[in-house]
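# A structural walkthrough
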Amino acid sequence: MPPIAITAGEPAGIGPDLCVEIAQRPHRASLVVVGDPDLLRERADLLGLPLQVNVVTRNDPVPPHRPGELCVTPVPLATRSTPGLLSPANGEYVLTTLKLAVEGCIDGRYSALVTAPVHKGVINEAGVPFTGHTEFLAALTGGHPVMMLACPGLRVALATTHLPLRDVADAIDRPLLERVLGILERDLQQRFGIALPRILVCGLNPHAGEGGYLGREEIDIIEPALESLRERGMMLEGPLPADTLFTPKYLDRADAVLAMYHDQGLPVLKHRGFGQAVNITLGLPVIRTSVDHGTALELAGTGKADAGSLLAAIDEAIGMAGRRDGS
């Protein structure tokens, strides 16, 4: 299996710390961090952890991972980074690491991409419109991205991602739901080995609209979309009230949940599995996983950052790549 690419994320945040932390452990595949080698060495010194950086360029072979070592494809910072202090000058650095990692996935040098957290605000301050990893990767690769977070026992995908709440209802229509649910079913089959996925679908409104008294989106949009997909053989249940869907009565017989918007489904998942959850982007031609948290600037360089979610994201990426390749 080709190596897994890991982008180091926001240089002032905990991304570099986490890369140093995961270097200390064994892994089931070779790893390549795309980032600034000097930044990683500095952060290792600050954390008091041993780190041998092995610089690898495009055509260099990548050796098996060894604890205490890290293969790094070099991308230089625009300006020196201090833990916890954001600098818009390094916004383009973050995007360059992503572009190089995606290019490597597309041309087969990497099996999958794992991303450390970035700071959306500082990238925008650098003059680059940026709403998030998911949207940026979709622009690079094509396809319709579907954001799904997973932790042991629960997978939650989103019909819409980083939208203001007032825009959500207008964004949800029948073509969107049919496309998102089609991608969710296909990737659960192809990337997770689930032959006939069972998917629960949240309503948009409280009590799933309560028969139209609390909104008609369930009647006019969501249910017709689900019925059309059921006729094609999909196993769908809903629209269900989101305040009762996330209970064992429903979850025990489901492979995934589709929430209508970001803060409808993700608070439940993060309450259940924060620190061990993985952000997975479906619907792209490359495998991409990420952490379930942000840059945590206040923890950068302190040694208090928890690498659990990044380790889970790496393990998930290796598993997905192995299932794809039949290994």
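In short, a report on the structure. Predicted model only: the values in this text are computed from it and were never measured.

For helix α3 (residues 91-106), built from 16 residues, the straight-helix expectation of 22 Å at 1.5 Å per residue is met to within 8% by its first-to-last C-alpha distance of 23 Å. Of the positions making up α3, those classed as buried are Gly 91, Tyr 93, Val 94, Leu 95, Thr 97, Leu 98, Ala 101, Val 102, Gly 104 and Cys 105. At its buried positions, α3 is contacted by β1 (4-7), β2 (31-35), α2 (37-47), β5 (112-115), α4 (120-125) and α5 (133-141). With its phi angle positive at about 90°, Gly 108 sits one or two positions after the end of α3.

With that settled, the discussion passes to the pattern of salt bridges. Inspection of every chain in the model, using the stated rule, returns 18 salt bridges. Across the pair Lys 99 and Glu 92 runs a salt bridge whose closest N-O atoms are separated by 3.7 Å. Of the residues examined, Lys 99 reaches a relative accessible area of 33% and is grouped as partly exposed. Note on Glu 92: relative accessible area 38%, which makes it partly exposed. Between Asp 107 and Arg 109 there is a salt bridge; the shortest N-O distance is 3.0 Å. The exposure class of Arg 109 is partly exposed, given its relative accessible area of 22%.

Rules and cut-offs
Residues numbered from 1 in each chain as written. Predicted model: local features only at pLDDT ≥ 70, side-chain atom pairs only at ≥ 80, totals over all residues. Heavy atoms only, no water. Helix = DSSP H or I, 4+ residues; strand = E, 2+ residues; numbered from the N terminus. Expected span 1.5 Å × (residues − 1). Buried < 20%, exposed > 50% of the residue type's maximum accessible area, 1.4 Å probe, protein only. Contact = heavy atoms within 4.5 Å. Salt bridge = Lys/Arg side-chain N within 4 Å of Asp/Glu carboxyl O.

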